[in-house]
Every structure is written in C-alpha cells, then in structure tokens.
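Structure at a glance
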Amino acid sequence: MNQQAFPQDFLFGAATSSFQIEGATDVDGRSPSIWDQFCQEEGRIADGSDGRRACEHYLRFRDDVALMHKLGLEAYRFSIAWPRVMPMGVGAINEKGLAFYDQLIDELLSRNIQPWITLYHWDLPACLGDQGGWLNRDITQHFAEYAQKMVARLGDRVKNWITHNEPWCVASLGYRQGEHAPGLKDPRSGWIAAHHVLLSHGLGMKAMQSERQDLNIGITLNLTPAFAASDSKADREATRRFDGSFNRWYLDPIFKGCLPVDMVPEVEEECGGALDFIHNGDLALIQQKLDFLGINYYSRAIIRGDEQSEGQTSRTLHADPADITDMDWEVSPDGLRELLLRLQRDYAPEALYITENGAAYDDSPDAQGRIHDARRVRYLEKHARAMQEALKQGVKLKGYFLWSLFDNFEWAYGYKKRFGMVWVDYETQTRLPKDSALWYRDLIQQRIIP
Ligand code: IFM
C-alpha cells in the first residue's frame, strides 16, 4: 500500500456553483439569469427541469455548512450569482442578495472552513445577456466592476478568488455548440466569447487588485490532455488542433500574453476573416500575474483524426469502454498526472489547485439508507494517487476540491447526473453522505489514502 502522505498544508475541499444548488431564483431581488431563461426553452434541458429549487441551499446553507464541517472539509469553493448581488448587471448592489453570501462566509469561517469564491460560474444576468452577453465587448468592463465590488464587500474575510470557471465551456458550449445558455451555434461567436471572457479575467484581476492587495487570485480552466490514438499524421494533427483550441487557446494568453500561433490560421478560417475582435493591448491585459491556476480535470481525450470532417470537433475514443462514468467520460488518472506535469513544465504557475474533480454515478440509498458508491471511491482514490505522483515529481500542487459536495443541477442534463459525495433527495431535500464522503473525510483527517 502506498503510504505517502499529503502535506499538512495541502488543502482539501469541495466545490459547488450558485445556479446548480441555490434555488430561490426569484426571491430577495435576484433578477433572472441566462440559465433561468434557457431552462424555459423547450428541449434545452434533458429532464425539463430548472434551477428554481435545486438543492435549496439558499434556505439550508447553515445546515449545509454544518454538514461540511462534519465531513472535515478544510475549504469550500462556491460561486456568487451575479444577478443576485447586482440584478442590473451593473451599478447598485442588491443588499439582500449580498447578505446571503455575507452570512454564508461568516458561517464557513465560524467552522474554520476557508471560503473560495468563483465570480463567474455561468449565471450571467439576463439583462446583460440581452445586450449580447459575452459577444458584447462592454461586458468586460461590467465584469471588472462586479469583481471589484465583490472584493470591496467580501475581501475582508475572503482571500481566495477565482475570476472565471471554465471559459472554454462558456464560449464553446454556450456560443458555438449551443448546448449551454445562451444556446448559440456559431463558431465565430464562440471565439469572440472566449476572447471577451479572457479579457474580462485580466481586467477583473486588475480591478480586484486595485481594491485590495492581500488576495490570492486565479482562474479555473477545464483542461483535457489530448493523446493521439495512433502515430499517424492525421491523428497527431487532430490532436494538436484539439489541444490548441481546448487548452492552449486559454493557457497561452493567460501565461504568455500571446495566442498559440499554430492555431491562428485555423481560427481565422472558422471566423471567416481576421480576428479583429482582439484589439491591440488585449493580450497584455489578459496576462496578469496569477497567484494560482485552478484546474478542473475529469478525463483525457484520445483523438483520431481520420474520423474528422471539416467543422467537426475531433472524436474521442475511450481506451477502456468499461471504465467510464455516467457522463461517458473515461476514468483516466494518468491524464491528470500528465496534465499536472505538463503545466508545471510549460507554464510554471505560481501554484496549482485542482478546483474540480469527480465523477457522476447513479447510486441510490439501500434499505439501510447507505449509498455504496464504490465506483466513485475508486475514481477518487486513483486521482489522489495521481496527485501524489505529481507532487513527488515536484509539481506545485497545493490543494484539491472534489466536485461536487452535493448531487445538483447538471446543466443541460438537469438532475439526471449525480456528481455529489452527498446524495440529495430533491423531493424532501434530505442529504445523505455517500460512502465516498466518508472515504474523503478519512483522507482529509489522515492525509494518507484510506
Ligand atoms: O457540473 C459541472 C460544473 O458546473 C463545471 N465543471 C464540470 C462539472 C461536471 O460536468
């Protein structure tokens, strides 16, 4: 058995996001978000559900924090719903909405749980969506204003801030593939949105730092290491393209202040011309010195080029079809280790945190009310080992947030996919820790893999 211990100061937490758990979408002055609108559109959400109730965290947060404490969490990553705190997207703060986060933060601190805030986890105020959302360059200034105001009000108690969660998803799922709000299917829009999200990250960081200088600020990217299915030229070429658009399009501007040059002609072709939405000076603004990089890691991609027809993304193949989660994602701890090593080598971030990692499996309570989610335990164990291997090889990995604390609203899948270490009965709102939550509690306590 591997008895390597995680360092005492390695941070173990769990993550959620506002729209996925809060519910209470029309109370205390919150305005609608683009996700409230999207859920109302016929056929957008697999089970026809929405975020109106979700996990009722808005009402139950004190009990939820007590549960986090019982599970031994050292940190909790959550997001602020922009339309709750600034219903017009800009200007006045909604004091009632902000009071929720104030109280949540105080509750966490009273239990000795570090709050980690994500500013944007996809629930854009619908009024900003009506102005073009991430296609309208003005949004970059609006985001910076929102970021600064949140830091001004919460930065006395919250030191760890993440500007954006998964820009690739915002841009590609929201504006290019149409699977997420606002549901556009337009390649050029996807690239414009990606740029504006990145620019808003840079402007946001500057605005936050002008407000306070004692913060730990980063961004969270969903990164998927890509491996060619064979050594053929077609496979290698498709792998380069996948890596370029999925990973490097975000990493290179953030860390190096440049675009990945090999990708530019291809992106220009998709955009039908020059990338004129990238203005002089933008890339320098995006390249702010990060205190940490957050990584959301779920799986790797194996790419086969010969199946690719023009305009299609590369098809991914599972190496072992038996070892896949309910999302149809391959379980690949090696991918995590390789990703961490590559980030350390190519981008040398100040610090790395895994801000999400986990798996969807549909296990439910047995007659005794126990949830034996053995597949999730195995998944977590394998990824914990991969982290240890990376740590051993000198990667500056400082912490890990399990996705997710609760089963919750899984976007276009509705409530059909269960990522939680805590099971939620959506009717009664009962919470039941699964075996994985108890396994995680032991890991946190003992610092070695149970
Ligand atoms: O539920 C999502 C989360 O909102 C963002 N990262 C991936 C998770 C699982 O799909």
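Residues numbered from 1 in each chain as written. Predicted model: local features only at pLDDT ≥ 70, side-chain atom pairs only at ≥ 80, totals over all residues. Heavy atoms only, no water.

**Re the side chain of glutamate 330**
Relative to the helices and strands, glutamate 330 is located in the loop between strand 9 (315–316) and helix 13 (333–347). At a separation of 2.8 Å, a polar atom in the side chain of glutamate 330 contacts the side chain of arginine 300. (Helix = DSSP H or I, 4+ residues; strand = E, 2+ residues; numbered from the N terminus. Polar contact = N/O pair within 3.5 Å; in protein donor to acceptor, adjacent residues only side chain to side chain.)

**Here we look at the packing of aromatic side chains**
Counted by the stated rule, this structure contains 37 aromatic pairs. Arranged with centres 5.2 Å apart and planes meeting at 80°, the rings of phenylalanine 6 and phenylalanine 12 form a pair that is edge-to-face. Taken as a pair, phenylalanine 6 and phenylalanine 12 share a single burial class, namely buried. Where phenylalanine 19 meets phenylalanine 409, the ring centres are 5.5 Å apart and the plane angle is 80°; that geometry is what we call edge-to-face. Here phenylalanine 19, found in helix 1 (residues 18–21), pairs with phenylalanine 409, found in the loop between strand 11 (397–403) and strand 12 (422–424); they are 390 residues apart in sequence, far enough to count as distant. (Phe/Tyr/Trp six-rings, centres within 6.5 Å; stacked < 30°, edge-to-face > 60°. Buried < 20%, exposed > 50% of the residue type's maximum accessible area, 1.4 Å probe, protein only.)

**Brief notes about the site of the ligand**
For the ligand, the full set of nearby residues is Gln20, His121, Trp122, Asn165, Glu166, Tyr298, Trp329, Glu356, Trp403, Glu410, Trp411 and Phe419. Glutamine 20 places a polar side-chain atom, nitrogen or oxygen, 2.7 Å from an oxygen atom of the ligand. Interatomic distance of 2.8 Å between a side-chain N/O atom of histidine 121 and an oxygen atom of the ligand. Bound to the protein, the ligand loses 95% of the 280 Å² it would expose on its own. (Near = heavy atom within 4 Å. Areas by Shrake-Rupley, 256 points an atom, 1.4 Å probe, with all protein chains shown as cover.)

**Looking at the state of the cysteines**
Here, disulfide denotes a covalent bond that connects the sulfur atoms of two cysteines. All told, the structure shown has zero disulfides when counted by the stated rule. In this model cysteine 39 remains outside any disulfide bridge; the closest cysteine sulfur is found in cysteine 55, 14 Å from its own. By relative accessible area, cysteine 39 is classed as buried at 8%. Cysteine 271 forms no disulfide, and the closest cysteine sulfur to it belongs to cysteine 258, at a distance of 18 Å. (Disulfide = S-S within 2.5 Å.)

**Observations regarding the nonpolar core**
Generally speaking, a soluble globular protein has its nonpolar side chains buried in company with each other. One finds Trp35, Trp134, Trp161, Leu293, Met421 and Tyr440 to be the most contacted residues of the largest nonpolar core, which totals 152 residues. Element by element, the count of residues in this core is highest for helix 9 (residues 187–211), at eleven residues. Leaving out residues up to four positions away in the same chain, leucine 293 has contacts with Ile219, Leu221, Leu251, Phe255, Leu343, Pro349, Ala351, Leu352 and Tyr353. (Core = buried A, V, L, I, M, F, W, Y, C linked by side-chain atoms within 4.5 Å. Contact = heavy atoms within 4.5 Å.)

**Let's talk about the pairing of strand 4 (residues 160–165)**
The element strand 4 is largely enclosed, with a buried count of six among its six residues. Note that strand 3 (residues 114–120) and strand 4 share four bridges and pair parallel. If you follow tyrosine 120 over to strand 4, its bridge partner there is histidine 164. One ladder, built from four bridges, connects strand 4 with strand 5 (residues 216–222); its direction is parallel. What sits directly across from tryptophan 161, in strand 5, is isoleucine 217. (Pairing = 2+ DSSP bridges.)

**Thoughts on the side chain of aspartate 252**
Along the chain, the position of aspartate 252 falls in helix 10 (residues 233–256). One buried charge, aspartate 252, has no salt-bridge partner; the nearest side chain with opposite charge is lysine 256, at 4.4 Å. (Lys, Arg positive; Asp, Glu negative; His and termini not counted. Salt bridge = Lys/Arg side-chain N within 4 Å of Asp/Glu carboxyl O.)

**What about the pairing of strand 10 (residues 352–356)?**
For strand 10, the tally of buried residues reaches five of five residues, placing the bulk of the element in the interior. Crossover connection from strand 10 via helix 14 (residues 374–392) to parallel strand 11: handedness right-handed. (Right-handed = clockwise from strand over helix to strand, strands pointing away.)

**A look at the sheet that holds strand 4**
Taken together, eight strands build a closed barrel; the order of strands is 1-2-3-4-5-7-10-11 and the barrel is parallel. Adjacent strand axes in the sheet meet at a mean angle of 25° when their direction is disregarded. With five bridges connecting them, strand 2 (residues 75–79) and strand 3 associate as parallel partners. Counterpart to alanine 75 in the pairing with strand 3 is glutamine 114. Against the sheet, helix 13 touches strand 7 (292–296), strand 10 and strand 11, its axis set at about 140° to strand 10. (Axes fitted to C-alpha atoms, helices over the stretch in contact; angles between N-to-C directions.)

**Points about helix 9**
Taking 1.5 Å of rise per residue, 25 residues should cover 36 Å, and helix 9 covers 36 Å from first to last C-alpha, within 8% of that figure. Where burial is concerned, most of helix 9 is hidden: 19 out of the 25 residues are buried. (Expected span 1.5 Å × (residues − 1).)

**Brief notes about the packing of helix 8 (residues 167–176) against helix 10**
In contact at an axis separation of 10 Å, helix 8 and helix 10 are set at 130° when each is read in the N-to-C sense. On the basis of the axis angle, helix 8 is oblique to helix 10. Of the two possible hands of crossing, helix 8 and helix 10 adopt the one that is right-handed. The segment helix 8 lies against helix 10, with Pro167, Trp168 and Ala171 engaging Ser245, Phe246 and Tyr250. Across the contact of helix 8 with helix 10, the residue classes break down as five nonpolar, one polar and no charged. (Parallel < 35°, antiparallel > 145°, perpendicular 65-115°, else oblique. Left-handed = near helix turned anticlockwise from the far one by under 90°. Nonpolar A, V, L, I, M, F, W, Y, C, P; charged D, E, K, R; others polar.)

**Some thoughts on the pattern of salt bridges**
Summed over all chains, the structure comprises 43 salt bridges. Residue aspartate 435 is joined to arginine 370 by a salt bridge in which the shortest nitrogen-to-oxygen separation is 3.0 Å. With aspartate 435 in helix 15 (residues 435–446) and arginine 370 in the loop between strand 10 and helix 14, this residue pair connects regions lying 65 residues apart in the sequence. Across the salt bridge formed by arginine 376 and aspartate 373, the nearest N and O atoms sit 2.8 Å from each other. Bridged by salt links that share partners, the residues Glu237, Arg240, Arg241, Asp243, Arg248, Asp262, Glu266, Arg342, Arg345 and Asp346 form one connected network.

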